[in-house]
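Descriptive structure summary
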Amino acid sequence: MEFEFTTAGRIVFGAGKLREAGEIAGTLGKRALVVTGRDQDRAFSLLTLLREHGLETVEFVVAGEPDVESIRGGTALARAEWCDSVVGFGGGAVVDAAKAIAILITNEGDVLDYLEIIGGGKTLTEPPVPLVAIPTTAGTGSEVTCNSVIRSPEHRIKVSLRSRSMIPRVALVDPETTYTLSPDLTATTGLDALTQLLEAYVCTRSNPVTDGLCREGISRAARSLRRAVEDRQNAAAREDMAVASLFGGLALANAGLGAVHGIAGPLGGMITAPHGAVCAALLPEVVAMNLDALREREPKSDAIPRYAKAAKLLGRNPGASAGDAVTLLRRLVSDLAIPRLSSYGFSLDQMDELVEKASAANSMKANPVELTPEELESIIQSAL
Ligand SMILES: [Zn+2]
């Protein structure tokens, strides 16, 4: 057995820990680019905390998912203002933008020079400026992952900027920042976290460190996702979901994902839909197909008992079998009223394009069994 585990230099977790943001960021730089989402009221208290600790701040707003243009704008601003550090405060999209900007400040040229598929694919050679990532959703775990997903509207695709050194210097996770999330966002982001944990757990590159994180994360999400959706101020449920999200990020950055993300990635570039909702719609169908394919072609695969273990954690029932994972996930997705893929305007004439892109996706490579184009199409059909 061989494995490696890389993560943020420091992970600070706990309800109320946001209050330490100024102290933490103040040790990493003098002038920070503060990347936030649309909600300026929320950002205001963070900016006050940072300034109280003597940090000069330059604000940059990312509305929605980062695209090539917004990353270019943020990088230009940070360079012109001589920012020596970055603070990212928001959902996965904002944290992704902050990660991309932090590394592009120090690496010459334009964002397109470094993007895979649509750009030059150049290697990022310089380390980023120090980055403090503060997530305000519990889903992506982006605060501890090594890539940023960037949209190119021109190419109708989402691509990743990727480098081990993009993992933020500090991940500051305060479950209180998620108390104001709507039930919808709680459900979709929470299901993204659960998907990431499950995919990393059964994938071909899992290791004993990520296994432990995945089992712990799945069991916390299983007991708390519904509660967090029903009662947004439930501190224990919010804490569990924040742990699940963080652990999902730790696991995926060091193991990999699978067919759900292999399909959801390219699909996200073709339609406008929340990433978590797309993952949730696909998740039960992928598990069902993976189990069928494994039983048929690789009946001795370690992934089958892993699905059984996951089902026991999901159902909180020691008697659950691998197949029960499908039933439990279908019930969860239906209880949380996750829309079908067709409601986001995906049409059948886009099927061939999606299957082709999904087959080539990075995440697909770690799926526990290689799926045929026909099997991928069948998964997508079942989630429509
Ligand atoms: Zn995801």
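Not measured: the values here are computed from a predicted model.

1. Some details on the coordination of the zinc ion
- Bound to the zinc ion are the protein donor atoms D192 (OD), Q196 (OE1), H261 (NE2) and H275 (NE2), situated 2.1 to 2.2 Å from the metal.
- The coordination sphere of the zinc ion comprises four donor atoms, whose angles at the metal cover 91 to 154 degrees; the geometry is irregular.
- Summarised as a motif, the one-chain spacing of the donors to the zinc ion is D-x3-Q-x64-H-x13-H. With Q196 in helix α6 (residues 183-202) and H275 in helix α10 (residues 275-297), this residue pair connects regions lying 79 residues apart in the sequence.
- Judged by its relative accessible area of 4%, Q196 falls in the buried class.

2. Here we look at the nonpolar core
- I218, I263, L282 and V287 are the most contacted members of the largest nonpolar core, which totals 87 residues.
- Ignoring any residue separated from it by four or fewer positions in sequence, one finds I263 in contact with L282, L354, A358, M364, L376, I379 and I380.
- Counting 31 residues, the second largest nonpolar core, distinct from the first, contains L33, V68, L115 and L124.

3. Focus: the pairing of strand β6 (residues 147-152)
- The buried fraction of β6 amounts to five of the six residues, a majority that puts the element mostly inside the structure.
- Note that β6 and strand β7 (residues 157-162) share six bridges and pair antiparallel. When the sheet's bridge partners are listed, I150 is paired in β7 with V159.

4. Focus: the packing of α6 against α10
- The N-to-C vectors of α6 and α10 enclose an angle of 45 degrees; their axes lie 8 Å apart at closest approach. When the axes of α6 and α10 are compared, the pair comes out oblique. Viewed along their axes, α6 and α10 form a crossing whose handedness is left-handed. Here α6 contributes T188, L191, D192, T195, Q196 and L198 to the contact with α10, which in turn contributes H275, G276, A277, C279, A280, L283 and V287.
- In the contact of α6 with α10, the residues fall into seven nonpolar, five polar and one charged.

5. Comments concerning the pattern of salt bridges
- In this structure the tally under the stated criterion is 20 salt bridges.
- Between D240 and R220 there is a salt bridge whose closest N-O contact spans 2.8 Å. Here R220 lies in helix α7 (residues 208-230) and D240 lies in helix α8 (residues 235-254), a separation of 20 residues in the sequence. Comparing D240 with R220, the two get one shared label, buried.
- Across the pair E353 and K357 runs a salt bridge, and its minimum N-O distance is 2.8 Å.

6. What about the environment of S70?
- Inspection of the secondary structure assignment puts S70 in helix α3 (residues 68-80).
- Take S70: its relative accessible area is 19%, and that puts it in the buried class.
- In the structure, S70 is positioned 103 residues away from V173 in sequence and 25 Å away in space, judged by C-alpha atoms.

7. Points about the pairing of strand β2 (residues 31-36)
- Counted residue by residue, β2 has five buried out of six residues, so it is predominantly covered.
- Where β2 and strand β3 (residues 56-61) come together, six bridges link them in parallel fashion. Residue pairing in the sheet places V35 in a bridge with F60 of β3.
- Since β2 and β3 lie parallel, the crossover through helix α2 (residues 40-52) that links them has a hand, and here it is right-handed.

About the criteria used
Residues numbered from 1 in each chain as written. Predicted model: local features only at pLDDT ≥ 70, side-chain atom pairs only at ≥ 80, totals over all residues. Heavy atoms only, no water. Donors = N, O, S within 2.8 Å, 3.2 Å for Na, K, Ca; no water. Tetrahedral: all angles 85-135°; square planar, octahedral: opposite > 155°, others 65-115°. Helix = DSSP H or I, 4+ residues; strand = E, 2+ residues; numbered from the N terminus. Buried < 20%, exposed > 50% of the residue type's maximum accessible area, 1.4 Å probe, protein only. Core = buried A, V, L, I, M, F, W, Y, C linked by side-chain atoms within 4.5 Å. Contact = heavy atoms within 4.5 Å. Pairing = 2+ DSSP bridges. Axes fitted to C-alpha atoms, helices over the stretch in contact; angles between N-to-C directions. Parallel < 35°, antiparallel > 145°, perpendicular 65-115°, else oblique. Left-handed = near helix turned anticlockwise from the far one by under 90°. Nonpolar A, V, L, I, M, F, W, Y, C, P; charged D, E, K, R; others polar. Salt bridge = Lys/Arg side-chain N within 4 Å of Asp/Glu carboxyl O. Right-handed = clockwise from strand over helix to strand, strands pointing away.

In short, shape yes, function no, at least from these values alone.
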